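Coordinate inspection notes
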Amino acid sequence: MTAVTAPWWREGVVHEVYVRSFSDGTGDGVGDLPGLRARLPYLRDLGVDAIWVTPFYPSADHDAGYDVIDHRAVDPRLGTLDDLDAVVADAHALGLRVMVDLVLNHVSSEHPWFRAAAEAGPGSAERARFHVRPGRDGGALPPTGWPSIFGGSAWEPFGDGEWYLHLFDVHQPDLNHDHPDVRADAERTLRFWLDRGVDGVRFDAAGGLTKDPAYPELPDGWQPGHASPYSDLDGVHDHYRRFAKVLSEYDGDRVGVAEVWGEPHVIGPYVRPDELQQAFAIDPLFRPLDATLWRRLLAEQLDAVVRHGRLPAWAHGNHDVKRAATRWGEDGARAVLLLMLALPGCVYLYAGDELALPEVDLPDEAITDPTYRRSGGTDRGRDGARVPLPWTTGPAPYGFAPDGTPTWLPQPDGWGTHAVERQEADPDSMLALTRRAIRLRDELWRGAGDEVTWLESLPAGWLGFRRGAATCVTRFGAGPDPDLGGLGEVLLTGGASDGSATWWLRGDRPGTTTDEEAGWDRR
Ligand code: GLC
């Protein structure tokens, strides 16, 4: 495929707009659709192809919008359907695509279906839309020992002998996708947003839609991350085949991306030719910056999807993990961004990571994430990566909301040092680097195919590859700068001279990659 004919998403850059923390247009301290609409030119200037907008549906806010009361409406606190249409229209006029986040695995406990199920009683038709089982020991104990991903048991009693499954918070009952009502509703939701002109869909908690109907106990020694009776089962792929068919009925290059957290062999099947276009490559986010390890991880991620004719969807960060600048250090966040942008595939960049925002250690009383409560406070949760963005140097709320407005998560003192306003004026800022890199990527890497030729003779701690007519070299951690002259002309560097860094070079000069010729000082 060439850059001319490839769909935009194949090697695009997608910016994850965490809508509650992006920009507040209405003055209640919570980001919203009018706020996002007003900032679309910023996203155009960033150079991204598309935005993925996190859930803006009516929600009881037990999981920051991922507990949905109505999948085909807009939460009045975040705007209206007209506002959403206006975001899509304005984005399209600016050359940006819009992806929405569909939370199909579960609903809010305030969703009309669940309210009806709670009232209807044991064995009722209303409960058949959920995963409901009798408790053990006459109803006193949960049906299985399955843990919730947010901590504690994944089962909650109705109080009448039956229990319902919630892989996430107790306010997020899992839907039973074997039920015809549930299937029909999911498809209706998908069509509803595609009909409104959105360009793609993120399928939240994608691996959870099918559960083993025998509800077996977890094997002894089971750990989070191991195979389970409620994630990535063979049957789950039937759902993505159906959703992919729906996507293919629409014109334009619509994209579906599966939010899956598994290792490459788990995510590969989601992008088979009759399934989705993408599945996140999230695994590297949890890995230390080690050249040998990353070489293997990247090669495995590529192999898992290229065999199906797809390219990876690299996640540089997201709203569920620590901020990249804290996870990897700012030098590492810069180096990895350039590395990911040079690889074959699409890159998902989390809003605020282009500013190198650090993780914020919030005061206990400010934390809203259910993982904090459910873990008994041992896990401080994900809110530290969700603090509203600083647009101006100050004072608080730093241009995020009208002056004097308290924000839904408090911004720390000094937040303005990371402000967009300041970084736009600084050619060495993370924002300036991100803008330059995204533009240069189009010229150097986009359309360069799925082949990566690894440079085999780099010193320990280095990783590099050639693609097309360019070379990308990353140093993981501090070390001497080698003479890169043998590899080509340096066009861009991201990182730190005393830390991790990535270099982009023009020229593939085969035969110049031995240690001697490239001037490497092998350590
Ligand atoms: C996904 C979302 C996460 C949410 C969970 C439950 O993992 O990214 O934020 O808590 O699904 O919907």
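These figures come from a predicted structure and were not determined experimentally.

The next point concerns the domain arrangement of the protein. One frequently used descriptor of interface size is the decrease in accessible area upon assembly of the parts. Segmentation of the protein into domains returns domain 1 (9-105 + 198-212 + 225-424), domain 2 (112-165) and domain 3 (451-518). Distance from the C-alpha centre of domain 2 to the C-alpha centre of domain 3: 56 Å.

A separate point is the sheet that holds strand 15 (residues 489-495). Sheet architecture is open: 5 strands sit in the order 12-13-14-16-15, paired in antiparallel fashion. If you trace the sheet from one side to the other, it starts and ends with strand 12 (453-454) and strand 15, each paired once. Bridge count between strand 13 (residues 462-467) and strand 14 (residues 470-475): 6 bridges; the pairing is antiparallel. Residue pairing in the sheet places F465 in a bridge with C472 of strand 14. Where helix 14 (residues 430-444) meets the sheet, it contacts strand 14, strand 15 and strand 16 (501-506), and its direction lies at approximately 140 degrees from that of strand 15.

Lining the immediate surroundings of the ligand are 13 residues, of which D63, D204, E259, H319 and D320 lie closest. One of the side-chain nitrogen or oxygen atoms of H106 is found 2.9 Å away from an oxygen atom of the ligand. The contact in question runs from an oxygen atom of the ligand to an N or O atom on the side chain of H319, over 2.8 Å. Compared with its free state, where it exposes 310 Å², the ligand has 97% of that area covered by protein. The class makeup of the residues in the shell around the ligand is 3 nonpolar, 3 polar and 7 charged.

On to the pairing of strand 2 (residues 50-53). Burial of strand 2 is two-sided: the residues A50 and W52 facing one way and the residues I51 and V53 facing the other way are all buried. Summarising the sheet, strand 1 (residues 13-17) and strand 2 pair through 4 bridges and their orientation is parallel. Among the inter-strand pairings, H15 is bridged to a residue of strand 2, identified as I51. In this sheet, strand 3 (residues 97-102) lies alongside strand 2 in parallel orientation, the contact comprising 4 bridges. Counterpart to W52 in the pairing with strand 3 is M99. Taking the sense of rotation as the criterion, the β-α-β connection linking strand 2, helix 3 (residues 81-93) and strand 3 turns out right-handed.

Omega for the peptide link from G394 to P395 comes to 0 degrees, which places this bond in the cis form. Of note, P395 is situated in the loop between helix 12 (370-374) and helix 13 (420-424). Look at A205: it is not a glycine, yet its phi comes out positive at around 45 degrees. At A356, a position not held by glycine, the phi torsion is positive, near 55 degrees. Position of A356 relative to the elements: it lies in the loop between strand 11 (346-350) and helix 12. For A356, a relative accessible area of 6% translates into the label buried.

Bringing the sheet that holds strand 4 (residues 132-134) into the picture now. Sheet architecture is open: 3 strands sit in the order 4-6-5, paired in antiparallel fashion. Only two strands of the sheet have a single partner each, and these edge strands are strand 4 and strand 5 (155-157). Ignoring which end each strand starts from, the neighbouring axes of this sheet average 35 degrees apart. Both strand 5 and strand 6 (residues 162-165) contribute to a ladder of 3 bridges, which runs antiparallel.

Looking now at the confidence of the model for the protein. Per-residue confidence for the protein gives a mean pLDDT of 95; residues scoring 70 or more make up 96%. Taken as a whole, residues 510-523 scores under 50 in pLDDT and shows 38 contacts with residues more than four places along the chain or in a different chain.

Turning next to the side chain of R441. By the element assignment, R441 lies in helix 14. No salt bridge is formed by the buried R441; its nearest oppositely charged neighbour, D442, is found at 4.7 Å. A distance of 2.6 Å separates the side chain of R441 from the backbone oxygen of E11, its partner in a polar contact. In contact with R441, other than residues within four places in its own chain, are E11, G12, V13, L341, G345, C346, V347, R446 and W504.

Further remarks concern the pattern of salt bridges. Taken as a whole, this structure holds 42 salt bridges when the rule is applied. Between R72 and D185 there is a salt bridge, with its nearest N and O atoms 3.1 Å apart. Of this pair, R72 sits in the loop between strand 2 and helix 3 while D185 is found in helix 6 (residues 180-195), placing the two residues 113 residues apart along the sequence. Ionic contacts of the salt-bridge type, sharing partners, join the residues D63, D320, D369, R382, D383 and R386 into one network.

Take the environment of P41 next. Note that P41 resides in helix 2 (residues 40-46). With a relative accessible area of 32%, P41 lands in the partly exposed category.

A few words now on helix 14. Under the 1.5 Å per step criterion, the end-to-end length of helix 14 is 20 Å for 15 residues, consistent within 8% with the ideal 21 Å. Summarising burial for helix 14: 11 of the 15 residues are buried, a large majority. Inspection of helix 14 places M430, L431, A432, L433, T434, R435, A437, I438, L440, R441 and L444 among the buried residues, and these make up the whole buried set.

Parameters at a glance
Residues numbered from 1 in each chain as written. Predicted model: local features only at pLDDT ≥ 70, side-chain atom pairs only at ≥ 80, totals over all residues. Heavy atoms only, no water. Domains from an automatic or database assignment. Pairing = 2+ DSSP bridges. Helix = DSSP H or I, 4+ residues; strand = E, 2+ residues; numbered from the N terminus. Contact = heavy atoms within 4.5 Å. Axes fitted to C-alpha atoms, helices over the stretch in contact; angles between N-to-C directions. Near = heavy atom within 4 Å. Polar contact = N/O pair within 3.5 Å; in protein donor to acceptor, adjacent residues only side chain to side chain. Areas by Shrake-Rupley, 256 points an atom, 1.4 Å probe, with all protein chains shown as cover. Nonpolar A, V, L, I, M, F, W, Y, C, P; charged D, E, K, R; others polar. Buried < 20%, exposed > 50% of the residue type's maximum accessible area, 1.4 Å probe, protein only. Right-handed = clockwise from strand over helix to strand, strands pointing away. pLDDT = per-residue confidence, 0-100. Lys, Arg positive; Asp, Glu negative; His and termini not counted. Salt bridge = Lys/Arg side-chain N within 4 Å of Asp/Glu carboxyl O. Expected span 1.5 Å × (residues − 1).

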